[in-house]
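Structural characterization, general
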Amino acid sequence: MFPAKVLGKAISTLRHPSLEGERLVIVQPLMLDGVSPEGFPQIALDSLGARVGDVVVLTSDGSLVIDQLGSKNAPARWSIMGIINDENKRV
């Protein structure tokens, strides 16, 4: 588990059947300081409704993805498992 920032949503015209109806977002993994980028942006499953700019808790736990999608053959690795609250960022 590590922090990541939501950059936007991913839109596809063709999806694996296990991803049908699932929300996909583009996230930038962050270093532990919560600011510096670590590696390349990734596509993650989002069942929590994270918005652009939100800092989230990202996981690559395969069992969470299997539970979310109900499929052992889903071509997905990353999933958002929490949204980090920031009291200074109010909409």
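Read on for a plain summary of the structure. Everything numeric in this text was worked out from a predicted model, so none of it was measured.

1. Looking at the environment of Val 56
On the secondary structure map, Val 56 appears in strand 4 (residues 55-59). A relative accessible area of 0% means that Val 56 is categorised as buried. When the C-alpha atoms of Val 56 and Asn 85 are compared, they prove to be 8.7 Å apart, with 29 residues separating the residues in sequence. Not counting the four nearest positions on each side in its chain, Val 56 is found in contact with Phe 2, Pro 3, Ala 4, Val 6, Ala 50, Ile 80, Gly 82, Ile 83 and Ile 84.

2. Focus: the pairing of strand 2 (residues 24-29)
Of all the six residues making up strand 2, five are buried; the element is thus mostly covered by neighbouring parts of the structure. Bridge count between strand 2 and strand 3 (residues 42-45): four bridges; the pairing is antiparallel. Pairing of Val 25 across the sheet is with Ala 44, part of strand 3.

3. Quick notes on the side chain of Thr 59
Mapped onto the secondary structure, Thr 59 falls in strand 4. For Thr 59, a relative accessible area of 6% corresponds to the buried category.

Each value, and the rule that gives it
- Residues numbered from 1 in each chain as written.
- Predicted model: local features only at pLDDT ≥ 70, side-chain atom pairs only at ≥ 80, totals over all residues.
- Heavy atoms only, no water.
- Helix = DSSP H or I, 4+ residues; strand = E, 2+ residues; numbered from the N terminus.
- Buried < 20%, exposed > 50% of the residue type's maximum accessible area, 1.4 Å probe, protein only.
- Contact = heavy atoms within 4.5 Å.
- Pairing = 2+ DSSP bridges.

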